[in-house]
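Letter by letter, the chains look like this.
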Amino acid sequence: MPTSTTAAVVETGGAKFTVSTVDLDEPRSDEILVRLVAAGLCHTDLGVASGALPFPLPGVLGHEGAGIVEKVGAGVTTVDVGDHVLLSFSSCGSCGNCRDGHPAYCATWLPLNLIGGGRADGTSPVSRGGEAIGGHFFGQSSFAHHAVVDARSAVKVDPDAPLDILAPLGCGVQTGVGAVWNVLKPCPGQTVLVTGAGAVGLSAVMAAALTPASKVIVVDRVPARLELARDLGATQVINAAEVDTAEELRSPAH
Ligand SMILES: [Zn+2]
Ligand SMILES: [Zn+2]
């Protein structure tokens, strides 16, 4: 029996999110049904909704979901009914990069997450009026009350953890933190420059503040964001609306 749920559907590129009833497949062997409690909004959702990325529409977006597991497929061993989970991107689990512990570089990452609109076999777990619509966005399509989620997208968290605060860990936070901790790995004395103090940039600031980097410089055009960046660990901030960023960076003060 399909599960009926309410989702924010984007009908065509450039259209607004519209609340609509959709049907979800029963979770397959490697899938779970999650009741969403919260979902972050990432610029990638807006990029797809605007029609700038080739995701099949109408469809359901959302890729920073957080919720509670209501059903698990027969083959799922990582989470149980009642577990609190954060949802992130999906991956195949069997290509070289997945086996080496780098699922973000999965060989089938793009079709599985961003542009396919369905599972690896091309089917979507979301339908409306008997017609399949775009789903499985980042393995989840979490702008809905419920989602059929690839079990590889779900990470179990402490049931006391506040899901509404943790939801953006699924994309924005790990992108900013991962860039600093896993790729840049700043050494003592080095300077980290973060351009743009949104969710990703501010996460990078928090991560950089926990490294031996001597300076964390943040550039943005919004004073409130720069103020927040300071609270989160920026040692210097530059308001690009007021000064020339390149000149400012070359000045002896930096
Ligand atoms: Zn994102
Ligand atoms: Zn893979």
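Here's what I pulled together on the structure shown here. (Residues numbered from 1 in each chain as written. Chains lettered and ligands numbered in written order. Predicted model: local features only at pLDDT ≥ 70, side-chain atom pairs only at ≥ 80, totals over all residues. Heavy atoms only, no water.)

**Notes on the packing of helix α5 (residues 172-184) against helix α6 (residues 199-208)**
In the contact formed by α5 and α6, the axes pass within 7 Å of each other and the chain directions differ by 45 degrees. Compared by their axis directions, α5 and α6 come out oblique. As α5 packs across α6, the resulting crossing turns out to be right-handed. Contacts between α5 and α6 involve G172, V173, T175, G176, V177, V180 and W181 from the former and A199, V200, S203, A204, A207 and A208 from the latter. Within the contact of α5 with α6, the residues separate by chemical class into 9 nonpolar, 4 polar and no charged. (Axes fitted to C-alpha atoms, helices over the stretch in contact; angles between N-to-C directions. Helix = DSSP H or I, 4+ residues; strand = E, 2+ residues; numbered from the N terminus. Parallel < 35°, antiparallel > 145°, perpendicular 65-115°, else oblique. Left-handed = near helix turned anticlockwise from the far one by under 90°. Contact = heavy atoms within 4.5 Å. Nonpolar A, V, L, I, M, F, W, Y, C, P; charged D, E, K, R; others polar.)

**A closer look at the nonpolar core**
Ranked by size, the top nonpolar core spans 16 residues in total, and within it V194, V205 and V218 carry the most contacts. Mapped onto this core, the elements with two or more residues apiece are α5, β11 (191-195), α6, β12 (215-220) and α7 (223-232). Ranked by residue count, the leading element in this core is α6, at 5 residues. Those residues within four positions of V205 in sequence are excluded, and the remaining contacts are V194, V216, V218, A229, L232, G233 and A234. Within the second largest apolar cluster, 15 residues are counted, among which are L61, F89, L114 and F137. (Core = buried A, V, L, I, M, F, W, Y, C linked by side-chain atoms within 4.5 Å. Buried < 20%, exposed > 50% of the residue type's maximum accessible area, 1.4 Å probe, protein only.)

**Some thoughts on the coordination of the zinc ion (ligand 2)**
Within the first shell, the zinc ion (ligand 2) binds the protein through C92 (SG), C95 (SG), C98 (SG) and C106 (SG), at distances of 2.3 to 2.4 Å. Given 4 donor atoms and angles of 103 to 117 degrees at the metal, the environment of the zinc ion (ligand 2) is assigned as tetrahedral. Between consecutive donors of the zinc ion (ligand 2), the numbers of intervening residues give the motif C-x2-C-x2-C-x7-C. Summarising the burial analysis for this pair, C95 and C98 share the class buried. (Donors = N, O, S within 2.8 Å, 3.2 Å for Na, K, Ca; no water. Tetrahedral: all angles 85-135°; square planar, octahedral: opposite > 155°, others 65-115°.)

**Some thoughts on the sheet that holds strand β3 (residues 31-39)**
Here 5 strands make up an open sheet; going across it, the order is β9-β3-β5-β6-β10 and the pairing antiparallel. In the strand order of this sheet, the two ends are held by β9 (146-150) and β10 (154-157), each with one partner. Averaged over all adjacent pairs, the angle separating strand axes in this sheet is 45 degrees, with direction ignored. Judged from the 3 bridges that link them, strand β5 (residues 65-72) and strand β6 (residues 84-87) form a sheet pairing that is antiparallel. In the sheet register, I68 faces β6, and the bridge partner there is H84. (Pairing = 2+ DSSP bridges.)

**Observations regarding the packing of α6 against α7**
Packed helix pairs are characterised by how far apart their axes lie and by the angle those axes make with each other. For the pair α6 and α7, the least separation of the axes is 9 Å and the interaxial angle reads 25 degrees. When the axis of α6 is compared with that of α7, the two are roughly parallel. Relative to α7, α6 is oriented so that their crossing is right-handed. Residues L202, V205 and M206 of α6 lie in contact with α7, whose contacting residues are R225, L228, A229 and L232. Residues that form the contact of α6 with α7 fall into these classes: 6 nonpolar, no polar and 1 charged.

**Here we look at the sheet that holds strand β7 (residues 126-128)**
Read across the open sheet, the 5 strands follow the order β4-β1-β2-β7-β8; overall the sheet is antiparallel. Unpaired on one side and paired on the other, β4 (59-60) and β8 (131-132) mark the two borders of the sheet. Direction of pairing for strand β1 (residues 3-10) relative to β4: antiparallel, over a ladder of 2 bridges. What sits directly across from V9, in β4, is V60.

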